[in-house]
Amino acid sequence: MNFSTRAPGAVMALLGPSAWRLPCWLDRLLPNVDVEGETLRQHREGIRDDDDGPAGTCSTTLRGSRAGSGDVLALGTRWKPAHVPAWPWPAMGTRGGVNMADWRSRFHATVASDVHLRDGLGWEFADNSSGDVVWTVFRDDGGAFPVFSAVRPQGVLPTDGDVEAMTIEAVSGLLVAAGFADPVGWISRNIAAALVFASCDVLSWEGEEWALESGDADVPTAWASPGDVRVPYAWLRARCRGSERLISVYQDDAFFGLSFLSPLDHRLPESDSGSLRSRTGIALACGAIRAVEVVFDTTVEGSFDAGLVTEVLLHGERGTVLLVAAEAYSRNEWHLYDESVVALTSLETADRLEWVPRRTPWHSTADATGARVRVADSEPVGRIGAEDTTSDAAAAQLEGLRRDLVARFGPEVVRAGDEGRIVLTPPTGACPVTWRPLGDEIILGIGRGGCRWELASTPDDVAFLRDVVDAALDGRVSEVFGPARSRVTVTLADGRQVMTEQATVPRGCLPVPRWRRRTSNWMDYAAYS
């Protein structure tokens, strides 16, 4: 037997369709070779010859991130949608794929920047015959990050295919109008898949619940109690009238977001094992989902994409549910941007709880019935150091910190590195620390796995840097290592814990589930002598 020729065929047979999957990061680097001219044909059929506007804008009035109030886009002749390349994405529901052009023969879209007196940009879809509004998609810009929303009308809904096609096109246009790149189209489809929940009648929920705490050999030691306000799940499935909706997580570098386009068809196992247990009849929002709000968090620093889908709020006929990409490290320690789907009863509940890092509050623009409410004017919640201060004061603080450390430990420990970097050379078992000013930013590195913070050149962020350095000097830093990733935990002087994580895996690679709990490779750093 010729092993060199038969082995690859056997491997491809075992992998099935996955053998032909092209990772997103590689797809962006490779040229799009269209030998037969399929893209040109689609371009000519979908856009009029006299439409000269750039992709993602209204050819007559939409400029930048705003469209004129009342602009009507009938039959797709005045709106050139941002290009979403063909890709074998899983269908949003169980009724098949989406034809992006069909809806224009029955409905038209109105794009405006002041619909319902809201800060943002909105699409309203209306029936060509009756003029009744049948579907709405908005992007709210009144907070720290954009929040996409969809509202169910009081009348008859369009078909599933029309709702999905309209939502994908609206979200794609809203992302482009706000300046957010989506070259592969996955972000648009993921946000759209979440918004389409507003067209569903949810009958029941099921999923696999993570244990809050686990001991040796992944044996669970604590589960969420019936009275707990947040419960972590590996995945959730909403059984709807005529369809199913699966919710899991996806990874973007070292961070996790909510995925509504999971390529895996999760099913409840026959028996429970490890830190997972099967749950059916979960008490979450049921009945007609009247409105959905999706947080596209653009404040996360270090992700590949422009933002992460971190939270989704469902307004149901019977109750609401807030889904957050987070993870429980214990009953009282919950970390955002992590690898679980955490379910809470309301937005207000999430605002009252403690999260690591601190969670940015946001305001809902829809009540329990899906009716629109105006968001009160408020200052966006920013990160530490958002106030208007000069970098000169920060530079003076950094120089004062360096001098204090040199006087305390000597120039052998506190030394100047390349390109203006300050390096603390640790004794055996202590935590290495570096910082490097870069104009209006400061890169603070800590630990042995490449973890870091990107800070602003402001006095408040320099004060945070000093607190982290003091913690390293006093031995209040620990680090856990996993496959091509690590996480550093710093305990500040007031007892608060802050964390940062670094991953070197290629984009699209799935993490080892619960890697921080399974690994035995961790270190509690000692104090500087």
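Residues numbered from 1 in each chain as written. Predicted model: local features only at pLDDT ≥ 70, side-chain atom pairs only at ≥ 80, totals over all residues. Heavy atoms only, no water.

(A) Focus on the overall build of the chain. In terms of helices and strands, the chain carries nine helices and 25 strands. The burial tally for the chain puts 48% of its 529 residues in the buried class. In the chain, the proportion of contacts linking residues at least 24 apart, taken out of those at least 6 apart, comes to 62%. Accessible surface computed for the chain: about 25,000 Å², of which carbon and sulfur atoms make up 53%. (Helix = DSSP H or I, 4+ residues; strand = E, 2+ residues; numbered from the N terminus. Buried < 20%, exposed > 50% of the residue type's maximum accessible area, 1.4 Å probe, protein only. Contact = heavy atoms within 4.5 Å. Areas by Shrake-Rupley, 256 points an atom, 1.4 Å probe, with all protein chains shown as cover.)

(B) Region of interest: empty space enclosed by the protein. Applying the stated rule across the entire model yields three cavities of 30 Å³ or more. Size it by volume and the largest cavity reaches roughly 80 Å³. Lining the largest cavity we find F145, V295, D297, T310, E311, V324, A325, L336, Y337, R359 and T360. Of all elements in the fold, only strand 13 (286-297) and strand 14 (308-330) reach the threshold of two or more residues within the lining of the largest cavity. In terms of residue count, strand 14 provides more of the lining of the largest cavity than any other element does, four residues in total. Among the residues forming the lining of the largest cavity, the class breakdown is six nonpolar, two polar and three charged. (1 Å grid on protein atoms, 1.4 Å probe; cavity = no way out; pocket = protein on both sides within 12 Å on 5 of 7 lines; lining within 4 Å. Points joined across faces, edges and corners; volume = space filled by probe spheres on them. Nonpolar A, V, L, I, M, F, W, Y, C, P; charged D, E, K, R; others polar.)

(C) Focus on the pattern of salt bridges. Evaluated as defined, the whole model comprises 26 salt bridges. The closest approach of N and O atoms between R359 and D351, which form a salt bridge, is 2.5 Å. Given the relative accessible area of 36%, D351 is considered partly exposed. Ionic pairing is found between R403 and E399, a salt bridge with its closest N-O pair at 3.0 Å. With a gap of four residues between them, R403 and E399 both fall in helix 7 (residues 391-409), about one helical turn apart. The exposed category is assigned to R403, whose relative accessible area is 54%. Among the ionic contacts, a cluster of salt bridges with common partners joins E206, R237, R239, E244, D265 and R267. (Salt bridge = Lys/Arg side-chain N within 4 Å of Asp/Glu carboxyl O.)

(D) Quick peek at the environment of A393. Secondary-structure assignment places A393 in helix 7. Sequence spacing of A393 and P459 is 66 residues, and the spatial spacing of their C-alpha atoms is 6.4 Å.

(E) How the structure looks around the pairing of strand 20 (residues 441-446). Of all six residues that make up strand 20, five are buried, and the element is covered over most of its length. Pairing of strand 19 (residues 433-438) with strand 20, which is carried by six bridges, proceeds in the antiparallel orientation. Bridging across to strand 20, L438 finds its partner in E441. The antiparallel hairpin formed by strand 19 and strand 20 contains two residues in its connecting segment, where G439 sits at a positive phi of about 65°. Relative to strand 21 (residues 451-456), strand 20 is paired through six bridges, and the arrangement is antiparallel. Following the sheet pairing, I442 is matched in strand 21 by L455. As consecutive antiparallel partners, strand 20 and strand 21 are separated by four residues, and within that stretch G447 has a phi angle of approximately 85°, a positive value. (Pairing = 2+ DSSP bridges.)

(F) Highlighting the environment of Q502. Within the secondary structure layout, Q502 lies in strand 24 (residues 497-503). In this structure the C-alpha to C-alpha distance between Q502 and C451, which are 51 residues apart in sequence, comes to 5.0 Å.

(G) Broad picture of the packing of aromatic side chains. Inspection of the entire model under this criterion finds 10 aromatic pairs. Taking the centre distance of 4.7 Å and the plane angle of 65° together, the rings of W186 and Y250 count as edge-to-face. In this pair, W186 is assigned in helix 5 (residues 186-195) and Y250 in strand 10 (residues 243-252), connecting sequence segments 64 residues apart. Classification of W186 as buried rests on a relative accessible area of 15%. The side chain of R230 reaches across the aromatic face of W355, ending 4.7 Å from its centre. (Phe/Tyr/Trp six-rings, centres within 6.5 Å; stacked < 30°, edge-to-face > 60°. Lys NZ or Arg CZ within 6 Å of the ring centre and 35° of its normal.)

(H) Structural view of unusual backbone geometry. Going from V356 to P357, the amide bond is cis rather than trans, its omega being -10°. Along the chain, the position of P357 falls in the loop between helix 6 (347-352) and helix 7. One non-glycine residue, Y337, adopts positive backbone phi at about 55°. Here Y337 is to be found in the loop between strand 15 (333-336) and strand 16 (340-344).

(I) Quick peek at the nonpolar core. Core analysis: the largest hydrophobic core is formed by 84 residues, its most contacted members being F125 and W205. Broken down by element, this core gets its largest block of residues, 12 residues, from strand 14. Counting residues in hydrophobic clusters, the runner-up holds 35 residues, among them L398, I446, V462 and V488. (Core = buried A, V, L, I, M, F, W, Y, C linked by side-chain atoms within 4.5 Å.)

(J) The arrangement of the confidence of the model for the chain in detail. When pLDDT is averaged along the chain, the result is 77, and 71% of the positions lie at 70 or above. Averaged pLDDT values for the elements of the chain fall to 36 in strand 1 (residues 71-74) and rise to 96 in strand 16. Note that residues 46-101 has pLDDT below 50 and, in this model, 121 contacts with residues that lie over four places away or in other chains. Segment residues 367-390 is flagged for pLDDT under 50; beyond a separation of four residues in sequence, or across chains, it makes 48 contacts in the model. (pLDDT = per-residue confidence, 0-100.)

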